[in-house]
Amino acid sequence: MAETSADSTQAMHVRPAAVAGRFYPADPKELSFAVWQLIEAARASVHAVEGVKAIIGPHAGYIYSGPVAGSAYAALPSTLKGKIARVVLIGPSHFVNFTGIATTSDDAFITPLGEVMIDREALDAASSLSFVQTFDEAHEKEHGLEVHLPFLQVALGSFKLAPFVFSDSSAAECGELLEKLWGGPETLIVISSDLSHYHDYATARQIDMSTCAAIEAQRPDQIGENQACGRLAVQGLLLAANERKLKTRTLDLRNSGDTAGPRSRVVGYGAWALS
């Protein structure tokens, strides 16, 4: 007897949304409209980047970092919708410490906008790297990847996801993972990272401008440990970009004091595109 769609759904192992209703709206219509508005607002100053291979964007609640994330996704040409088959998404682990880089055994991640299927072929390829492990606990509560998914769903439509979080890792390992899954024009790389944390506004601006200069110059060695929580993935991407002669352009650089928070204690956000 053939398996019914209901049986198939029940057989799937799905990671539920962990921060819907907190970091972003839980209502699908409200969420879709909010993401669309953030991207459209950014298009007033951000032009689509032809040949874009990778973007770097923040991962806080949308009220704080959403406008800057919108800038990252405004850089994706509308022609990519339906053409990107794989998104490699990597960011830091905020809740669980472990060695190396963790992926998932889940079949899909879900947001209020629907399921995003996991690219098992990509994860199988990544598993050949000694520092990559399947570790679902690292993903259960993690917001750093999840907040990007609604943006990707709105911007790209249907795609498969290769999700990774790192803890005790290195820029070289992140770079090697990205090289492994680099692919061609069907693959988009997304690095999830905020910038400086909990400085006053002026101090944060100074630190973040230094980080921005290092990213623009593609000098991973000039990004300090406390300058970006996703530093290792950013550095890994820049290592790969230098090997492949990509160019990096800054799309946005702000902090929570510019968007929705007080200026006495801010978190920095930036958006970049590599092509």
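Before going into details, it helps to say that this report is about the structure given with it. The shown structure was predicted, so the numbers you read here are calculated from the model rather than taken from an experiment.

Thoughts on the packing of aromatic side chains
Enumeration according to the criterion identifies five aromatic pairs in this entry. On the basis of an interplanar angle of 15° and a centroid distance of 5.2 Å, the ring pair of Y73 and F151 is categorised as stacked. Of this pair, Y73 sits in helix α3 (residues 62-74) while F151 sits in helix α7 (residues 149-156), placing them 78 residues apart in sequence. For the pair formed by Y73 and F151, the shared burial category is buried. Looking at R15, its charged tip hangs above the ring of F109, at a distance of 5.3 Å from the centre.

Considering the nonpolar core
Within the largest apolar cluster, 87 residues are counted, with the highest numbers of intra-cluster contacts made by Y73, V87, L156, F164 and L177. When near neighbours in sequence (up to four residues on either side) are disregarded, L156 contacts L76, L80, K81, G82, I84, V87 and L188.

Brief notes about the pairing of strand β8 (residues 160-166)
Here β8 lies mainly inside the structure; six of its seven residues are buried. Pairing of strand β3 (residues 86-92) with β8, which is carried by seven bridges, proceeds in the parallel orientation. From the neighbouring strand, L89 faces β8, where its bridge partner is P163. Two elements, strand β4 (residues 101-103) and β8, share two bridges in a ladder whose sense is antiparallel. Within β8, the position partnered with A102 by the bridge is V165.

As for the side chain of T187
Relative to the elements of secondary structure, T187 occurs in strand β9 (residues 187-192). Since its relative accessible area comes to 2%, T187 is described here as buried. For T187, the contacting residues outside a window of four places in its chain are K53, I84, R86, V88, L181 and W182.

Some details on unusual backbone geometry
One non-glycine residue, Q218, adopts positive backbone phi at about 55°. As for its placement among the helices and strands, Q218 is situated in the loop between α9 (201-216) and α10 (231-243). Overall, the relative accessible area of 9% leaves Q218 in the buried class. Positive phi is not limited to glycine here, since K245 has a value of about 60°. Relative to the helices and strands, K245 resides in the loop between α10 and β11 (248-255).

Criteria and thresholds
Residues numbered from 1 in each chain as written. Predicted model: local features only at pLDDT ≥ 70, side-chain atom pairs only at ≥ 80, totals over all residues. Heavy atoms only, no water. Phe/Tyr/Trp six-rings, centres within 6.5 Å; stacked < 30°, edge-to-face > 60°. Helix = DSSP H or I, 4+ residues; strand = E, 2+ residues; numbered from the N terminus. Buried < 20%, exposed > 50% of the residue type's maximum accessible area, 1.4 Å probe, protein only. Lys NZ or Arg CZ within 6 Å of the ring centre and 35° of its normal. Core = buried A, V, L, I, M, F, W, Y, C linked by side-chain atoms within 4.5 Å. Contact = heavy atoms within 4.5 Å. Pairing = 2+ DSSP bridges.

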